[in-house]
Each structure stands twice: as structure tokens, then as C-alpha cells.
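Coordinate analysis (summary)
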Amino acid sequence: MASVLESAWQYLITHFSDFQLACLGSFFLHESVFFLSGLPFIYLERLGYLSKYKIQYEKQHSCCSEQIYMGMRTSLPLPPWKVILTQIIFYFILEDFVFYWGHRILHTKWLYKHVHSIHHEYATPFGLTSEYAHPAEILFLGFATILGPAITGPHLFTLWLWMVVRVLETVEAHCGYHFPFSLSNFIPLYGGADFHDYHHRVLYTKSGNYSSTFVYMDWIFGTDKGYRKLQALKSYEADASNKQKS
């Protein structure tokens, strides 16, 4: 696996400049992952294959020398997986903390009305709405995503992997479906679609559930109480229904 990745990376750094890889390559990688992961949900939804897992049923509201570029190394060898995973875990922790406060600020009255309300035009979100937002919001919350890499100066491969993971996570969180194989069923404190769908369902400034990927910040500051009450009610109704059937 490592040899295949390093061979592919060797091809990239041989045929493209650091500028092309860091700027154009990152852009095309982001857009490719974003649309390729988001569009299938729209296609499958129109065919009716995913209706069983829909969270909301309402219709939509309207060998190389060392090369460093912008603090990032691009040359071989690629970093050990231990280093890559450690950095990405750090990025998740930092991004969750910064995003939570930035997102919560966007739900203050003035910023919600003039900036964040654009993202909330879709009370029933789907994958591609994850990056449907005011330009100021893209820059403001995007800071949370790039802060970790800006601090550590990772290898470009690590940055690309972080981009892919973050885009897939945000598309999944906005997809509008809760599957049996959803990560939130297996990873503790992982928010996922059901958690974030509640945030879009409850409009305006005090919706709660402000977290990005992991929900520990909402739990610490008690901004997920409405969601937890709803989950408890659903669980109670499901238990009552099962008792009636048995």
C-alpha cells in the first residue's frame, strides 16, 4: 500500500510544481471529493432508494531533494502513518473547538440574519448544502479547518488527506440520512447526520448542536439539551410501540 502511494506521489511531484500541487491540486481534490460524495445522494434520493433512512421527510425549503512550499513538505518519503494520524487527530480536536465557538457566534441575532441564515435556507439539508453559505461564513468557519495544518506545517499528502476526511464528514453530516452503518452508531461522540439535521430543523438563533464533527463541546456547554430530549422521546415512543406489538 505504502509503495503504491509513494509511486503515485512520485509521479505528482515529478510532473507538477509545488505551486500546482498545493494550490490547484488542493482545489481540484476538494471539489472532486465534494461533488462525487454529494451527488450520489441526490441521484439515489430521486430514485427512492434511500427513503427508509431519511431523517426528515419534508420537501426542501427554498528520490528527491527536500521541497517545502508554504511551510509544507512535498517530497518523498511520505510521513509515517503514525505521524499522519496523530496530526489529523489533533486537527479534529482543534477544529471542533474553534468551529463550535465560531458557529455559535454565527447564531447571534445580527450575524444569523445577515450571514448564517443563507446556510439555513435548507431546513432539510442534503449533501451539497454543506458548503452552501455566505462567503464571509466560508472564510470565518474555514479558519477552523486550516488552523491545525497552519500550526504544524504538515506534508502536503497529510493536508490532502485531512481535506478529504473533512469534506466527506461535512457531506455526510448534511446528507439527511441516518443509516445502520452511519459512523455515529459506532464512534463515541461522533455527531453525524442525525445530530446536525436537528440543528437545521430548529431554525433561527438558538438551535443548539453547534459542533462540527465530535459533539463534546455541545455536551460540555449544554447546547444539545433539545436534541437529547428529542432522542429520549423517540426512544420512549419506540419502546412503547414495541410493547404494544408484543
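Reading guide: rules and limits
- Residues numbered from 1 in each chain as written.
- Predicted model: local features only at pLDDT ≥ 70, side-chain atom pairs only at ≥ 80, totals over all residues.
- Heavy atoms only, no water.
- Helix = DSSP H or I, 4+ residues; strand = E, 2+ residues; numbered from the N terminus.
- Buried < 20%, exposed > 50% of the residue type's maximum accessible area, 1.4 Å probe, protein only.
- Contact = heavy atoms within 4.5 Å.
- Axes fitted to C-alpha atoms, helices over the stretch in contact; angles between N-to-C directions.
- Parallel < 35°, antiparallel > 145°, perpendicular 65-115°, else oblique.
- Left-handed = near helix turned anticlockwise from the far one by under 90°.
- Nonpolar A, V, L, I, M, F, W, Y, C, P; charged D, E, K, R; others polar.
- Patch = residues over 30% accessible without salt bridge, like charges linked within 9 Å, V, L, I, M, F, W, Y side chains within 5 Å.
- Areas by Shrake-Rupley, 256 points an atom, 1.4 Å probe, with all protein chains shown as cover.
- Salt bridge = Lys/Arg side-chain N within 4 Å of Asp/Glu carboxyl O.
- Expected span 1.5 Å × (residues − 1).
- Bend = angle between axes of the 7 residues up to and from the residue.
- 1 Å grid on protein atoms, 1.4 Å probe; cavity = no way out; pocket = protein on both sides within 12 Å on 5 of 7 lines; lining within 4 Å.
- Points joined across faces, edges and corners; volume = space filled by probe spheres on them.

Another aspect to go through is unusual backbone geometry. Along the chain, Leu76 connects to Pro77 via a cis peptide bond; the corresponding omega equals 0°. For Pro77, the location among the structural elements is in the loop between β2 (72–73) and α3 (81–106). Of note in the backbone geometry, Leu189 takes a positive phi value of approximately 70° without being a glycine. Of note, Leu189 is situated in the loop between α6 (156–173) and α7 (192–201). One non-glycine residue with positive phi stands out, namely Asn209, at about 55°. If you trace the backbone, Asn209 turns up in the loop between α7 and α8 (216–221). Overall, Asn209 belongs to the buried group, its relative accessible area being 0%.

A word on the environment of Phe221. Within the secondary structure, Phe221 is located in helix α8. On the basis of relative accessibility, which here comes to 40%, the residue Phe221 falls in the partly exposed class. Setting aside chain neighbours within four positions, we find Phe221 in contact with Tyr100, Trp101 and Arg104.

Bringing the packing of α3 against helix α5 (residues 135–152) into the picture now. In a pair of packed helices, the angle between the axes and the distance between the axes together describe the arrangement. As a packed pair, α3 and α5 sit with axes 9 Å apart at the nearest point and diverge in direction by 155°. Considering their axes alone, α3 and α5 lie roughly antiparallel with respect to each other. As for the relative orientation of α3 and α5, their crossing is right-handed in sense. Between α3 and α5, the residues in contact are Gln87, Phe90, Tyr91, Leu94, Glu95, Val98, Phe99, Gly102, His103 and Leu106 and Glu137, Phe140, Leu141, Phe143, Ala144, Thr145, Leu147, Gly148, Pro149, Ile151 and Thr152, respectively. Classifying every residue of the contact of α3 with α5 gives 13 nonpolar, 6 polar and 2 charged.

Side chains of Phe97, Trp101, Trp219, Ile220 and Phe221 sit close together on the surface and give an oily, nonpolar patch of about 540 Å² of accessible area. Where the nonpolar patch is concerned, the elements lending two or more residues are α3 and α8. Here the element with the most residues in the nonpolar patch is α8; it accounts for 3 residues. Mapping Trp219 onto the fold places it in helix α8.

On to α7. Along α7, 9 of the 10 residues are buried, which leaves the element largely enclosed by surrounding structure. All buried positions along α7 are accounted for by Gly192, Ala193, Asp194, Phe195, His196, Asp197, Tyr198, His199 and His200.

Before going further, it helps to spend a moment on α5. Here α5 contains 18 residues, and its C-alpha end-to-end distance of 26 Å stays within 8% of the 26 Å for a straight helix at 1.5 Å per residue. In the structure, α5 departs most strongly from a straight axis at Ile146, where the bend amounts to approximately 40° and where the proline Pro149 lies between one and four residues downstream. Every buried residue of α5 is accounted for by Glu137, Leu141, Ala144, Leu147, Gly148 and Pro149. Lining the buried residues of α5 we find α3 and α6. Phi turns positive one or two residues past the end of α5, at Gly153, with a value near 60°.

A few words on the layout of surface pockets. Of the voids in this model, the largest pocket is the one considered here, and its volume is about 1,100 Å³. Lining the largest pocket are 40 residues, and of these His30, Ile138, Gly142, Thr145 and Ile146 sit closest to its centre. Of the residues assigned to the lining of the largest pocket, the class counts are 20 nonpolar, 15 polar and 5 charged.

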